[in-house]
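One letter stands for each residue in the lines below.
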Amino acid sequence: LKHVARLAPALRRWNSGLPMNIGVLFVPQQEAWVVERMGKFHRILEPGLNFLIPLLDRIRYVQSLKEIVINVPEQSAVTLDNVTLQIDGVLYLRVMDPYKASYGVEDPEYAVTQLAQTTMRSELGKLTLDRVFRERESLNASIVDAINQASDCWGIQCLRYEIKDIHVPPRVKESMQMQVEAERRKRATVLESEGTRESAINVAEGQKQAQILASEAEKAEQINKAAGEANAMLVKARAKAEAIQLLAAALAQQHGNAAASLSVAEQYVNAFSKIAKDSNTVLLPANTGDVTNMVAQALGIYTTLTKPQAVKNQDEMPPAHEGSHSPAVEVLKAEQGSS
């Protein structure tokens, strides 16, 4: 009875309600009428006006050339990892050859539906549960290829096959949900650890760059400071050299030694006048009151250092009178008397 119920719609479409041969027939568009003459295939009527011989010609089959949609009933299939699934789908067909569709198979729709179910079970047995959800497109394409290879002699072409629903057992569904939650927690942990690592790397890179910049700044500062000190030393050296040159030029002039002696004596007297202002404890030499002796000692040191120059100057200068005294001695006596 179940088999007869499945065949009932197809029998009604092919055998029940067939047009009667009245001689003149009008075939609708996208239909093909198969005509038999005295029980033997005669021809296929094309859409439009057609003429037949009554009583001899009979319209045996009416094939629709439109695309046919068939619901594939839900079926159970076992995957490669022994998980039972309940799967249903939708099949899209088209009659390409009305002669083969009429005489090649008794019920084309039923045959294609059974072929789709068996092909689905065989293809699912090659895949694991995880791959079934990931490779639905490839699974549909495999089913279409298998159906077209078998239905070529039936004059029917399978255009596409789509899986509608996949029902998983409750326990497997719970385990899959737990697996998904664990995977998401794993991803969250991995992302958090990667964020911590990236943060630590960024902080280390920042500290490294900061140290490099600080060392470069310190290096530049030291270079600038050293350059400034070198320039200052050069300026001081140039100034000192110019002062020495000016002093040497002044000493080389007439009465230069007397002027130098007077300058030394003045500095000596000014130094003793400032001793008591800087500190309460003062260390004085034994002959502090003998200014002439101290000045004479200072002049003796200066004379020793400048002796070669003095000898040269005496050779060049004319001899002095015996009764005359040097201006330096007179200046020293005047200073001693004022003290």
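Note that the structure is predicted; figures quoted are calculated from it, not measured. What you see as residue numbers is a count from 1 along each chain, following the sequence as written. The model is predicted, so local features are restricted to residues of pLDDT at least 70 and side-chain atom pairs to those at 80 or more, both for listing and for counting; the totals for chains, interfaces and linings are taken over all residues. Excluded from the side-chain calculations are hydrogens and water; all other atoms, namely the structure's heavy atoms, are used.

(A) Layout of the overall build of the chain. Strands here are runs of E lasting at least two residues and helices are runs of H or I lasting at least four, both read from the DSSP assignment and numbered beginning at the N terminus. Counting secondary structure elements, the chain contains 11 helices and 8 strands. Only protein chains enter the calculation, and the probe is 1.4 Å; a residue is then buried if its accessible area is under 20% of its type maximum, exposed if over 50%, and partly exposed in between. Considering the chain as a whole, with its 339 residues, one finds that 25% of them fall into the buried category. The criterion used for residue contact is that any of the two residues' heavy atoms lie within 4.5 Å. Contacts spanning at least 24 positions in sequence make up 66% of the contacts within the chain whose residues lie at least 6 apart. The protein chains shown are the only cover counted for residues, whose accessible areas, like all others here, come from Shrake-Rupley with a 1.4 Å probe. When the accessible area of the chain is evaluated, it comes to approximately 23,600 Å², of which 57% is carbon and sulfur surface.

(B) Structural context of the environment of Y99. Looking at the secondary structure, you find Y99 in helix α2 (residues 98-103). Spatially, the C-alpha atom of Y99 lies 7.3 Å from that of V34, the residues being 65 residues apart in sequence.

(C) Quick look at the nonpolar core. The nonpolar core is taken to be a set of buried Ala, Val, Leu, Ile, Met, Phe, Trp, Tyr and Cys residues, with the residues joined through side-chain atoms within 4.5 Å. In this structure, L85, L91, L93, M120, I147 and Y161 are the most contacted members of the largest nonpolar core, which totals 33 residues. When residues of this core are traced back to their parent elements, those giving at least two are β6 (67-78), β7 (84-95), α3 (108-124), α4 (129-134), α5 (136-150) and β8 (156-167). For this core, the element with the highest residue contribution is α3, accounting for 6 residues.

(D) View of the pairing of β6. Pairing between two strands is assigned when DSSP locates at least 2 bridges connecting them. Two strands pair when backbone bridges link them, and β6 and β7 are joined in this way by 10 bridges, in the antiparallel orientation. Bridging from a neighbouring strand, A77 pairs with L85 of β7. Counting the residues between successive antiparallel strands, the hairpin from β6 to β7 contains 5 residues, one of them, N82, with a positive phi of roughly 60 degrees.

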